[in-house]
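Each chain is listed here by its residues.
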Amino acid sequence: MALAATSGTLPILLTDAHAEPAPLTIPAPDRFKPVANPVYGAGPGGVVERTEVKDQSALGHYRWTPDGGTPVDLPASSPYDDVNTIGGSSHVSVTSGDVVAIYDSPNKVELADMKSGTTTKYTLPDGHFYRGVFGSAVLTATRDTNGDKNVLHVLRMADGQLTDTPVTGLNGWVAEDGMTLGGDDHTVAIWYAHRDGARGVGLLDLATAEVTPVLPGATGTNAQVVFSDAYVAWYSPEGGNTTARVLPRATPQAADTKIELGSDGEGTPRLGLVGDWLLTTRQIEQAAGNFLVREGAPLTAQPIAGGEPKTLLAHAGWRMAQVPGGGLAVTGGASSRDWAVHRVFVGDDGAPTLRTVREVAPKEGNLTRLSLTAGHLVTAESDTTYLPALFQRNITLGAAPSADQRSLLARPDAQTTGETAQRVYDYRQPVGTGDGRTVIATTDADGAQVLVVLATDGTKTVVPAVDPQTGEKMPTGSDHYSLVRSASGRYVVFGDSGRGVEDRQYVVDLDASGGPKVVRVRQGQGGLAVWGTKLWMPGDTDGTLQAVDLKSGAVTETERITGGCLPQELQAVGPWVYWDCYPSGTVTSDGHGVYNTQTQQWTYAPRGTLGDGYVVAYDDGRYQLNVTPIGGTPHTVEAFPVQYSGPLVEADRFGGAIAYRKEKNAQITVLDSGVDTSPVAEIESRIEQSVNLASATDAVWDADWQLSKPVTGAQVTIRNKAGHTVFTGPAKEYAAAVAFSWDGRNSDRRYVNAGTYTWELTGTPADGSGAALKVTGTIKLTKPTKTAADQGTDKSIS
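Residues numbered from 1 in each chain as written. Predicted model: local features only at pLDDT ≥ 70, side-chain atom pairs only at ≥ 80, totals over all residues. Heavy atoms only, no water.

Draft legend 1. The arrangement of the overall build of the chain in detail. Looking only at helices and strands, the chain has 1 helix and 67 strands in total. A compact globule built from 798 residues would reach a C-alpha radius of gyration of about 28 Å, whereas the chain, at 36 Å, exceeds it by more than 25%. Based on the C-alpha atoms only, the size of the chain along its principal axes is roughly 110 × 75 × 55 Å. Within the chain, the fraction of its 798 residues that count as buried is 51%. Counting contacts in the chain only where the partners sit at least 6 residues apart, residues at least 24 apart contribute 46% of the total. (Helix = DSSP H or I, 4+ residues; strand = E, 2+ residues; numbered from the N terminus. Rg over C-alpha atoms; globule rule 2.2 N^0.38 Å. Buried < 20%, exposed > 50% of the residue type's maximum accessible area, 1.4 Å probe, protein only. Contact = heavy atoms within 4.5 Å.)

Draft legend 2. Highlighting the state of the cysteines. This model, assessed by the stated rule, comprises 1 disulfide. One disulfide bridge connects cysteine 565 with cysteine 581, the sulfur atoms lying 2.1 Å from each other. Between cysteine 565 and cysteine 581 the disulfide shows an S-S torsion of about 60°. By sign, it is right-handed. Here the residue cysteine 565 occupies a position in the loop between strand 47 (555–560) and strand 48 (569–573), and cysteine 581 occupies one in the loop between strand 49 (576–580) and strand 50 (592–596), the gap between them amounting to 16 residues. What makes cysteine 565 buried here is its relative accessible area of 7%. The exposure class assigned to cysteine 581 is buried, which follows from its relative accessible area of 2%. (Disulfide = S-S within 2.5 Å.)

Draft legend 3. Quick look at the sheet that holds strand 28 (residues 328–333). What the 4 strands build is an open sheet, ordered 27-28-29-30; its pairing is antiparallel. If you trace the sheet from one side to the other, it starts and ends with strand 27 (315–322) and strand 30 (352–359), each paired once. Averaged over all neighbouring strand pairs, the angle between strand axes comes to 30°, with direction disregarded. The pairing of strand 28 with strand 29 (residues 340–346) spans 5 bridges and is antiparallel. When the bridges of strand 29 are listed, alanine 329 appears paired with arginine 343. (Pairing = 2+ DSSP bridges. Axes fitted to C-alpha atoms, helices over the stretch in contact; angles between N-to-C directions.)

Draft legend 4. Region of the structure containing the packing of aromatic side chains. In this structure the tally under the stated criterion is 12 aromatic pairs. With a centroid separation of 5.2 Å and 65° between ring planes, the pair formed by tyrosine 40 and tyrosine 62 is classed as edge-to-face. Of this pair, tyrosine 40 sits in strand 2 (residues 39–43) while tyrosine 62 sits in the loop between strand 3 (46–49) and strand 4 (63–66), and the two are 22 residues apart along the sequence. Per residue, the accessibility class of tyrosine 40 equals that of tyrosine 62, and both read buried. Each ring, one from tryptophan 742 and one from tyrosine 757, has its centre 6.4 Å from the other, and the planes form 75°; the classification is edge-to-face. A residue pair is termed long-range when its members are at least 10 positions apart, and tryptophan 742 in strand 65 (residues 737–742) and tyrosine 757 in strand 66 (residues 755–765) qualify at 15 residues. Like tyrosine 757, tryptophan 742 is buried. (Phe/Tyr/Trp six-rings, centres within 6.5 Å; stacked < 30°, edge-to-face > 60°.)

Draft legend 5. Summary view of the environment of aspartate 542. Of note, aspartate 542 is situated in the loop between strand 45 (534–538) and strand 46 (544–549). Separated by 318 residues in sequence, aspartate 542 and glutamine 224 place their C-alpha atoms 75 Å apart. Contacts of aspartate 542, omitting those with residues within four sequence positions, involve Arg560, Gly564, Cys565 and Leu566.

Draft legend 6. Looking closely at the pattern of salt bridges. Per the stated rule, a full pass over the model turns up 32 salt bridges. Of the charged contacts in the structure, one is a salt bridge between arginine 355 and aspartate 67, with a shortest N-O distance of 3.9 Å. Remark: aspartate 67 occurs in the loop between strand 4 and strand 5 (72–73) and arginine 355 occurs in strand 30; sequence separation between them is 288 residues. With a relative accessible area of 39%, arginine 355 lands in the partly exposed category. Owing to a relative accessible area of 28%, aspartate 67 belongs among the partly exposed residues under this scheme. Among the ionic pairs, aspartate 509 bridges to arginine 490, the shortest N-O distance being 2.9 Å. Residue aspartate 509 is found in strand 42 (residues 504–509), and its partner arginine 490 is found in the loop between strand 40 (483–488) and strand 41 (491–495); the two are separated by 19 residues along the sequence. The class for arginine 490 is buried, based on a relative accessible area of 8%. By sharing partners, the salt bridges in this structure join Asp435, Arg437, Arg490, Asp509, Asp511, Lys551, Glu684 and Arg686 into a single network. (Salt bridge = Lys/Arg side-chain N within 4 Å of Asp/Glu carboxyl O.)

Draft legend 7. Representation of unusual backbone geometry in the model. Following serine 105, the chain continues into proline 106 via a peptide bond in cis, with omega recorded as 10°. For proline 106, the position within the fold is in the loop between strand 7 (99–104) and strand 8 (108–113). The phi torsion at aspartate 159 lies on the positive side, around 55°, for a residue other than glycine. Within the secondary structure layout, aspartate 159 lies in the loop between strand 12 (151–158) and strand 13 (161–166). Phi angles above zero are rare outside glycine, and alanine 735 is one such case at about 55°. Checked against the element boundaries, alanine 735 lands in the loop between strand 64 (732–734) and strand 65. We classify alanine 735 as partly exposed; its relative accessible area is 26%.

Draft legend 8. Seen up close, the nonpolar core. Formed by 27 residues in total, the largest nonpolar core has its most connected members in Trp701, Trp705, Val716, Ile718, Trp742, Trp759 and Leu761. Secondary structure elements with two or more residues in this core: strand 61 (701–707), strand 62 (711–719), strand 63 (725–730), strand 65, strand 66 and strand 67 (773–782). When residues no more than four places from it in sequence are discounted, the contact partners of tryptophan 705 are Glu682, Glu684, Ser685, Ile687, Val716, Ala736, Ala737, Val738, Phe740, Trp759, Leu761 and Val775. If you look at the next biggest cluster of nonpolar residues, it comprises 25 residues, including Leu545, Ala572, Trp579 and Ile630. (Core = buried A, V, L, I, M, F, W, Y, C linked by side-chain atoms within 4.5 Å.)

Draft legend 9. The arrangement of the side chain of arginine 50 in detail. By secondary structure assignment, the location of arginine 50 is in the loop between strand 3 and strand 4. The side chain of arginine 50 is buried and forms no salt bridge, while aspartate 82, the nearest opposite charge, is found at 5.1 Å. Among the polar contacts listed, one links the side chain of arginine 50 to the backbone oxygen of leucine 59, at a separation of 3.3 Å. (Lys, Arg positive; Asp, Glu negative; His and termini not counted. Polar contact = N/O pair within 3.5 Å; in protein donor to acceptor, adjacent residues only side chain to side chain.)

Draft legend 10. Up close: the sheet that holds strand 46. Ordered in space as 44-45-46-47, the 4 strands form an open sheet in which the pairing is antiparallel. Two strands in the sheet have a free side with no partner beyond their single neighbour: strand 44 (529–531) and strand 47. Adjacent strand axes in the sheet meet at a mean angle of 25°, parallel and antiparallel pairs treated alike. In this sheet, strand 47 lies alongside strand 46 in antiparallel orientation, the contact comprising 5 bridges. Across the sheet, valine 548 pairs through a bridge with valine 555, a residue of strand 47.

Draft legend 11. Structural context of the side chain of glutamine 392. Relative to the elements of secondary structure, glutamine 392 occurs in strand 33 (residues 389–396). Judged by relative accessible area, which is 8%, glutamine 392 ranks as buried. Of the polar contacts made by the side chain of glutamine 392, one reaches the backbone oxygen of threonine 456; its length is 2.8 Å. Leave out the neighbours within four places in its chain, and glutamine 392 touches His376, Leu377, Val378, Gln405, Arg406, Ser407, Leu408, Leu409 and Thr456.

Draft legend 12. Broad picture of the pairing of strand 61. Buried residues dominate strand 61, accounting for 5 of its 7 residues. Both strand 59 (residues 682–687) and strand 61 contribute to a ladder of 5 bridges, which runs antiparallel. Among the inter-strand pairings, glutamate 682 is bridged to a residue of strand 61, identified as leucine 707. In the sheet, strand 61 pairs with strand 65 via 6 bridges, with the strands oriented antiparallel. Looking across to strand 65, one finds that aspartate 702 is bridged to serine 741.

Rendered as structure tokens:
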């Protein structure tokens, strides 16, 4: 394709400030993983729960949350995990009405009636070991003659005196570890073992303090026993067991009902009972290195008498709490956005149904990088979906700033394996090209450095960092970390920083024949930056810059920026080139600045990010984010109350906006820089200079223009030699680029005559700054043979 060289010249930017711009605040995205909110007990009027705290994954204090009421912290220790076992330093449960039982090691027990506000406190007798609170009874164990903690006692408070009733009916000895498997205010399930080695589960009647053996052979290893008014259910995963056993509460020595829990689900089944249904979910442990963040297994209900299961919740926390008197409490939902504490009860049809009692707000997700280019905002987010991903939205500023709906741009497939592939978009800087595409430098499955090119629809192209002349790949290792260094339309620079003699930087042509590919490589010290077709690089002499035309390969200009130093970092926007000879140093007043290629003068500017006529930088001495117009006085965008290591900050090179995210905060602020942008101009183009309208393969004239900033109302007008308009049509606008196609027909859908025509592209700057866009050129058309439909109707257009 022949390309027309019709680029305009960018005039010097005006540095006078606008009126105070209206900022746009974009709320933080929700974390994919729901907030941990385990339920440890439930009464008719509330639940005992712990909730994940805001700034860490640890859980907060135990608390009683009345249905529809204000949470009340409980006087219990708060471990940094989800442990609430009887053998722990603290144990909290609800086994009667709305009475919360709190054990504090080694011998303190408190029964707090959350409805009346009364409290009963126990101090366990010497030699007694806590085994649980059930209703008003405390179960303890003492040592037998062999020194084992196998003698059980039921303690009660009566008239201010503690009574002690020994447990009978064991006819053997009780297993010491984990002997208490579950219970309510009437019955406790005990794991027992006979001296002959036989094991089983016994039911301790708290009224008589007598144990009745049931479920012979059932183990107590990691076992659960849950009670409802009608049933007792047991399950242990020992030995790969996948079957639960259910007994009628009234006749516990009757034959049990076996319910298969399935072996295809991940995690350990957890049980609950509601009406004539067995409820199950699964406790899933997320292994280190497994980055597929879990939302929790489904909560399902299976009829005890047999029949089809019913899914109650798409995801649920694994802790469920039976409600004394009937029902169950559990936290779950379809996603983190509708996570809530639910009560499960029997509906009018006899099936379990749900009632939401309290919503659990999602936690803020982690935003690791952001990019703003021509109003196209791209964010790298590590935990807002099941794997780190890139999201996109379009931004509109002005009197009523707004943001489009956030949508997914790129994410690894859920079946992706290997940390490198799963984390391909995590903590990597996305960069917009100005024409709607986004590029990101990362590594492939083999660890090789690559450039990933993403269209707005998520279409992905991968470009290896390979020297086109030698086929040599970019070196790997800690000394070579690839990033996108610069991008403008079809051209992208990525690779090393340019600070080492072995560093390599690669120039990629995204629209090269045959697909994106590396077209140029530079090895050694010195930064590269691209704007339009110009590739800026250090000159042959220190303190100079060279501009290379990427289409012709010729050096088009050499500029002296400062005396005696090699610029290791370059940024380019319009007529401005930002340079820094010591980007990793601490010098703040020398060795860096901004060069104006039109006036051949350089100006001091703080170390930061170059925009169209300004530099945005964080002053870590004053805790301020500042915008400094080139040659002007800085103004503060925001002052922070505490010192940050530095907010994420991006300047829109194809517009006048800036975007930033504060440290440890995923909320984004976008606002106009307050500096007038340069007049809109064409900086690169791909325009067919001739087209054969009789061609069977390409009978359309195509033109693409890369602009310095977005326009609105773009249209192309076609005129003949006499200056008469033969066709006018809208051009497609995307980011800071415009595209147009014409089939050689006029507005009446008739072919125009063969010949040379003049085209004119016009448009209005979207930001309202500067003159309108006007670019012109010519095209030669070869006219096709007249069709039958055109015979007798085609009029010469001259």
